[in-house]
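# Breakdown of the fold
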Amino acid sequence: MCLALDRSSFRRHLGDLESIMGVNMRHRVLQCMPLFAKLSNLEKLRLAEAFETETFPAETEIVTEDQPGDKFYVIHTGMAYTVKGGQRIANASINEGSFFGEMALLNEAGKRAATVVAESEGGVACFTLTRAKFAAVLGPTALTSLVKATSAERQNQLEQATIKFEDLERHGFLGAGTFGIVYLVTKQKNQKKESKAGTDGKDIKPMALKCMKKAQVAANSMTKSIDSERRLMSSVEHPFLLRLIATFQDSNQVYMLLDFVVGGELFSRLANSPGGKLAWAHSRFYAACVVSAFTHLHAKEIIYRDLKPENLLIDRHGYLRVVDFGFAKKVSRSSSTFTICGTPEYLAPEIITRKGHNWGVDNYAVGILVYEMEVSVSPFMDPSGEQNPMTIQKNILRGDLRFPKRINERTRKFVTDLLMKQPGRRLGGGKRGTIEVAEHDYFKELDFKLLLMKRYKAPWKPPRADPLDRSNFDEYEVDMQVPNYAAWLKKQNGADRKKLERAFDGF
């Protein structure tokens, strides 16, 4: 038996198919935006219905600085750049899924803080909503609370995006990697223009400066990876993802200016916990932060591929930030990638067998993380303690998963569902993707909307003596020498040299 509906009845009761598809598309975009996290699904759907679509050709001003406006914009396709005071802000691009113009929703007499210009050659498509329609859907009170919480942070981001490299003052080391050093930095004060206000430290905004040596990056064929990391970080915006503020370069190094996350690594938190493990509720809290971040990444078709406690930092509120996008990659949902990368104990079986993988490897890694947080070791570790990669890979492919008796049934079920060897049978392997992970019984009492708004009390909130406190980061010796890139280039052959001379043009 079939239920049938003729075209005229369909249109009379539901509207035309193109409009329905448009609303669904806008609804999916709103679902991925932290700004609307506290709205109900019905409210998001009503907003999606109220939005209109406008297109802007390349180099067209979408909004103009100091001009009044009453529209809010969400970029659907394309990219725009920001101009303030007649100068283009080099590190303030606006990407797909990002929004602007929110202050116009609060104040009828409000003027645009900056000019936004369509950059993509094919133009920019925006979802737009007027002040009147926004208020009609949410009501004036809800509208005010929604936007005000965001506007101050957006203003701070705009100010940070205008920072020049020479404005940065270094205050000490935060860490070191293969290609360079991470420093704690702040924007220097202009003593002539700024008063003594804020000398108590309240207005100090610490940041992290990641310095990478060009010669080492190029010698290890990592120039494309570094550029990909920059591009991907610029395209995402989420409370549990590390934010890229700006990028710079000089003759010998490239730099990423990042948010400073004061609490250090989750790895240190585990190491300092009794038995090297966390209570179930604490483990679930941190896992939820990761799942929320991955849901955002996967909605943008980005695979992370480097989950481990060392890449999870704890912010001043006690919430996690996922950092280090060196292995992240944009891959369409219907495609696979074959690169072997990641930490041995966190590799999904399909990475090891080189059968091709997609976002399911991130969900698998969440299962490994939860096991490690609650048990203190990874499930497929090398029992000899040598951490032999081949032994670990054999254990992963064997998939012999065992739990200590003290581990509760919800954790067992959650981890088992995530560590299924077949990607299609794995939790999150269905059409709804990582959203399935967030809906698992493991998170039953936890509201992800409240988590996004940081309404839960975190398991541990890092103590901070002052804004420049680095006590949660380990002290160790670092190599201060920076190789001369020009000298290194001279040693390369002609073809490679010409290519490498342009390798960092994007920074």
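Preceding this section is the structure that the text describes.
The text that follows walks through the structure, step by step, so that each part is easy to find. As the structure is a prediction and not an experimental result, all values here were calculated from the model. Position numbers for residues start from 1 in each chain and track the written sequence from start to end. Under the rules for a predicted model, residues below a pLDDT of 70 receive no local features and side-chain atom pairs below 80 are neither given nor counted, while totals for whole chains, interfaces and linings still include all residues. Side-chain descriptors were evaluated using all non-hydrogen atoms of the structure, hydrogens and water having been removed beforehand.

### Topic: the side chain of Asp306
The cut-off we apply is this: Think of it this way: any DSSP run of H or I at least four residues long counts as a helix, any run of E at least two long counts as a strand, and we number them from the N terminus. Here the term buried applies to any residue with accessible area under 20% of the maximum for its type, exposed to any over 50%, and partly exposed to those in between, with areas from a 1.4 Å probe on protein chains only. Under the convention used here, Asp and Glu are negative, Lys and Arg are positive, and both His and the chain ends fall outside the count. One speaks of a salt bridge when a side-chain nitrogen belonging to Lys or Arg is within 4 Å of a carboxyl oxygen belonging to Asp or Glu. A contact between two residues is defined here by any heavy atoms of the two lying within 4.5 Å.
When you line up the elements, Asp306 lands in the loop between β14 (302–303) and β15 (312–314). Of the side chains bearing the opposite charge, Lys308 lies closest to the buried Asp306, which forms no salt bridge; the N-O distance is 4.3 Å. Setting aside its immediate chain neighbours within four residues, Asp306 contacts Asn311, Asp324, Phe327, Gly342 and Thr343.

### Some details on the pattern of salt bridges
Applying the stated criterion across every chain yields a total of 18 salt bridges. The partner of Arg243 in a salt bridge is Asp259, and the shortest N-O contact between them spans 3.0 Å. Taken together, the residues Arg243 in the loop between α7 (223–234) and β12 (244–249) and Asp259 in strand β13 (residues 253–259) connect sequence positions 16 residues apart. On the accessibility criterion, Arg243 (17% relative accessible area) is buried. Among the residues examined, Asp259 registers a relative accessible area of 14% and is labelled buried. Between Asp400 and Arg402 there is a salt bridge; the shortest N-O distance is 3.2 Å.

### Details of the sheet that holds strand β4 (residues 80–84)
Here is the rule we go by: Here, a strand pair is defined by DSSP locating no fewer than two bridges between the strands.
Taken in spatial order, the four strands line up as β2-β7-β4-β5 in an open sheet, and their pairing is antiparallel. Sheet topology places β2 (61–63) and β5 (87–88) at the edges, where each strand pairs with a single neighbour. For β4 and β5, the ladder comprises two bridges, and the chain directions are antiparallel. Across the sheet, Val83 pairs through a bridge with Arg88, a residue of β5.

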